Amino acid sequence: MQSVGRALEELLVTAQKQDCLTIGIYESAKLLNADPDSVVLCVLVADDTDDVALQIHFTLLQSFCCDSDITILRVSGVHRLQRLLGQPHAVMETSRTQEEHGDLHCMLVTNPQADHCWLQEVGTFCQESRRLDQWVPELVLQER
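For the structure given in this document, a descriptive report is provided here.

Cut-offs and rules
- Residues numbered from 1 in each chain as written.
- Predicted model: local features only at pLDDT ≥ 70, side-chain atom pairs only at ≥ 80, totals over all residues.
- Heavy atoms only, no water.
- Helix = DSSP H or I, 4+ residues; strand = E, 2+ residues; numbered from the N terminus.
- Buried < 20%, exposed > 50% of the residue type's maximum accessible area, 1.4 Å probe, protein only.
- Contact = heavy atoms within 4.5 Å.
- Areas by Shrake-Rupley, 256 points an atom, 1.4 Å probe, with all protein chains shown as cover.
- Patch = residues over 30% accessible without salt bridge, like charges linked within 9 Å, V, L, I, M, F, W, Y side chains within 5 Å.
- Salt bridge = Lys/Arg side-chain N within 4 Å of Asp/Glu carboxyl O.
- Pairing = 2+ DSSP bridges.
- Axes fitted to C-alpha atoms, helices over the stretch in contact; angles between N-to-C directions.
- Arc of directions from axis to C-beta.

Further remarks concern the overall build of the protein chain. Each helix and strand counted, the protein chain has six helices and five strands in total. Reading the protein chain from its N end, one meets helices and strands in the order α-β-α-β-α-β-α-α-β-α-β. Per-residue burial over the protein chain gives 47% buried out of 144 residues. At a minimum sequence separation of 6, the contacts of the protein chain that also span at least 24 residues come to 76%. Of the roughly 7,900 Å² that the protein chain leaves accessible, carbon and sulfur atoms contribute 49%.

On the surface, a nonpolar cluster with roughly 320 Å² of combined accessible area is contributed by Val52, Ile56 and Leu60. Tracing the backbone through its elements, the reader meets Leu60 in helix H3 (residues 52-67).

Adjacent strands of a sheet form backbone hydrogen bonds with each other and so pair up, either parallel or antiparallel. Strands sit in the order S1-S4-S2-S3-S5 across an open sheet of five strands; the sheet is mixed. In the strand order of this sheet, the two ends are held by strand S1 (21-23) and strand S5 (138-140), each with one partner. Neighbour-to-neighbour, the strand axes of this sheet turn through a mean angle of 25°, independent of strand direction. Across three bridges, S1 lies against strand S4 (residues 106-110) in antiparallel orientation. Its bridge partner being in S4, Thr22 is matched across the sheet by Leu108. Its contacts with the sheet place helix H2 (residues 25-34) against S1, strand S2 (39-45) and S4, and it is angled at close to 40° to S4. Of the strands in this sheet, S2, strand S3 (71-76) and S4 are in contact with H3, which crosses S3 at around 155°.

Turning to the pattern of salt bridges, a few remarks are in order. Per the counting criterion, the structure on display carries three salt bridges. The shortest N-O distance in the salt bridge between Arg80 and Glu9 comes to 3.0 Å. Here Arg80 is found in helix H4 (residues 78-84), whereas its partner Glu9 is found in helix H1 (residues 2-17), with 71 residues between them in sequence. Glu9 gets classed as buried once you look at its relative accessible area, which sits at 2%. A cluster of three or more residues bridged by salt bridges with shared partners is formed by Arg6, Glu9, Glu10 and Arg80.

A few words on H2. Every buried residue of H2 is listed here: Ile25, Ser28, Leu31 and Leu32. Seen from one end, H2 has its buried residues packed into an arc of 125°, which puts them on one side. Exposed positions of H2 whose direction lies more than 90 degrees from the buried face are Tyr26, Asn33 and Ala34. Looking at the buried positions of H2, the neighbouring elements they touch are S1, S2, H3 and S4.

If you want it as structure tokens, here you go:
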């Protein structure tokens, strides 16, 4: 499980460097509407599962991704992702800050040019999870 977390982290950092990472629910929805075939992975990030509006967004995104054969992964560990992707700590605290910096609740990876081994490892984890009837695989990123 730890190797999958490391693979996801490497994949997200690489995709960000290659400008193949879309961050934010609204930005992700726009991309999915415009070009769903370019998306290879949807990462839904939530440490707080009590947010009803967020859960509704996740349900809609999951449905669209399932219909479009896009791999979905649910992740907790938003503070780890903030540090990893260079997002300010306050990004999850106010909606104004979220609009300025993009929220981390949803991230889409689109056709990364290199390090496909990371994508393959994450994809294999998701496939194995689905075989075990976990339709939206979950992963906890550990603080370091």
